[in-house]
Amino acid sequence: MPIADRHPAVETTARTSVASPMPDNSTANFVLAMSAVATGVTVVATDGPGGRAAQTVSAMCSVSADPALVLVCLHGRSPVNDAISENGVFCVNVLATQHDHVADTFAGRPWPGKQRWDFTCGHWTVAESGSPRVHDAIASFDCTVHDVIEAGTHRVYIGRVAAVEAHPGEPLMYASHTYSKPAAFEPSTFPDYPDAHPAPRTRSTK
Ligand SMILES: Cc1cc2nc3c(=O)[nH]c(=O)nc-3n(C[C@H](O)[C@H](O)[C@H](O)COP(=O)(O)O)c2cc1C
């Protein structure tokens, strides 16, 4: 479904963009469109000589399996940048649905009784690198800094994964400023093609 069908505000700005390839409101339009993109939610945490710090980050993905590399994007203004630069390590904690309060706290909007970036929110242990690890995170990727790329307002950190830990749980998801969880659904059916069905979904190691 085109985004304009879901969000009337985008329809207006999208029409504007036809008339002008670089409309004044292009940043707002970009941010609005990106808010519809569903992601998982992580907390990127570091500790060491540069201090302990963590931040909620949805911009995280796998880069390579061998060597194991992940990337995360942090706003250049985040104090976590200085800490990671000095510590040279960080742990990417993939949150589950019970960690909604952790996600909010490390996004600077704590629940009553907690401070911003309050490590008493959630149950933390220490990963091999010394970085803070959420003990029941669905997955934790303990990393050393492999590369840093300045890109626009953000810094892209590529982490070399030194250790992985995984626990069962329901992934915390984020889209349209709302937390949710994945829900499986029946595959599409097509009356004119009754034999149409998805190919078996097997796990790839590539
Ligand atoms: C679900 C969620 C995902 C976020 N993802 C990112 C991200 O990928 N990168 C980033 O720099 N900030 C991200 N943020 C925002 C930062 O966590 C937040 O701006 C930061 O902690 C500083 O807070 P402040 O702007 O109130 O000072 C995200 C926030 C939330 C709630």
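Predicted model, so just to flag it, every value in this text is computed and none were measured. In every chain, residue numbers begin from 1 and rise along the written sequence. Totals for whole chains, interfaces and linings use all residues, but because this is a predicted model, local features are given only for residues with pLDDT of at least 70 and pairs of side-chain atoms are given and counted only at 80 or more.

Brief notes about the overall build of the protein chain
- Looking only at helices and strands, the protein chain features 5 helices and 12 strands.
- Burial in this document is a count-based property: other C-beta atoms within 10 Å of a residue's C-beta are tallied, and the residue is buried at 20 or more, exposed at 12 or fewer, or partly exposed in between, with C-beta positions derived from the backbone. Burial status across the protein chain gives 27% buried among its 206 residues. A run of H or I in DSSP becomes a helix once it reaches four residues, and a run of E becomes a strand once it reaches two; helices and strands are each numbered from the N terminus.

Observations concerning the sheet that holds strand β11 (residues 173-175)
- The strand order β1-β11-β12 describes an open sheet built from 3 strands, whose pairing is antiparallel. Each edge of the sheet is formed by a strand with only one pairing partner; in this case those strands are β1 (39-40) and β12 (178-180).
- Between any two strands, pairing holds if DSSP finds at least two bridges. In this sheet, β12 lies alongside β11 in antiparallel orientation, the contact comprising 3 bridges. When the bridges of β12 are listed, A175 appears paired with T178.

Observations concerning the confidence of the model for the protein chain
- In the predicted model, the protein chain carries a mean pLDDT of 89, and 86% of its residues have values of at least 70.
- A low-confidence stretch, residues 1-20 stays under pLDDT 50, and its non-local contacts, those more than four residues away or across chains, total 19 contacts. Each residue carries a pLDDT value, the predictor's own confidence for that position, ranging from 0 to 100. Two residues form a contact once the distance between their C-beta atoms, set from the backbone, is within 7 Å.

Looking at the sheet that holds strand β2 (residues 42-46)
- Strands sit in the order β3-β2-β6-β9-β10-β5-β4 across an open sheet of 7 strands; the sheet is antiparallel. Here the strands that pair on one side only, and so sit at the sheet edges, are β3 (53-57) and β4 (60-65). When strand polarity is set aside, the average angle formed by the axes of neighbouring strands in this sheet is 30 degrees.
- When β4 meets strand β5 (residues 68-75), the two strands line up antiparallel, connected through 5 bridges. Residue pairing in the sheet places C61 in a bridge with L71 of β5.
- Here an axis means a line fitted to C-alpha atoms, over the contact stretch when the element is a helix, while the angle between two N-to-C directions is reported on a 0 to 180 degree scale. This element, helix α4 (residues 80-87), spans β2, β3, β5, β6 (89-94), β9 (139-151) and β10 (154-166) of the sheet and lies at about 50 degrees to β2.

What to know about the pairing of β6
- Taking burial as the measure, the 6 residues of β6 include 6 buried ones, the bulk of the element.
- Along β6, one buried face is formed by V89, C91 and N93 and the opposite face, lined by F90, V92 and V94, is buried too.
- With 4 bridges joining them, β2 and β6 adopt antiparallel strand pairing. Paired with T42 across the bridge in β6 is V94.
- Across 6 bridges, β6 lies against β9 in antiparallel orientation.

Quick notes on α4
- Along α4, the residues classified as buried are V80, N81, A83, I84 and N87. Projected onto a plane normal to the axis of α4, the buried residues spread over an arc of 165 degrees and lie on a single side.
- Where α4 is buried, its residues touch β2, β3, β5, β6, β9 and β10.
- At the C-terminal side of α4, G88 shows a positive phi close to 70 degrees. Arc definition: it is the arc formed by the directions from the helix axis to the C-beta atoms.

A word on the site of the ligand
- Each residue gets a C-beta atom placed from its backbone. If that atom is within 6 Å of a molecule or strand, the residue is near it. Residues in contact with the ligand amount to 14 residues; listed here are only the nearest, S58, A59, H75, A107 and G108.
- Broken down by secondary-structure element, the contributors of at least two residues to the shell around the ligand are β3 and β5.
- Of the residues contributing to the shell around the ligand, the split by class is 8 nonpolar, 6 polar and no charged. Lys, Arg, Asp and Glu make up the charged group, whereas Ala, Val, Leu, Ile, Met, Phe, Trp, Tyr, Cys and Pro make up the nonpolar group; the residues left over, Gly among them, are polar.

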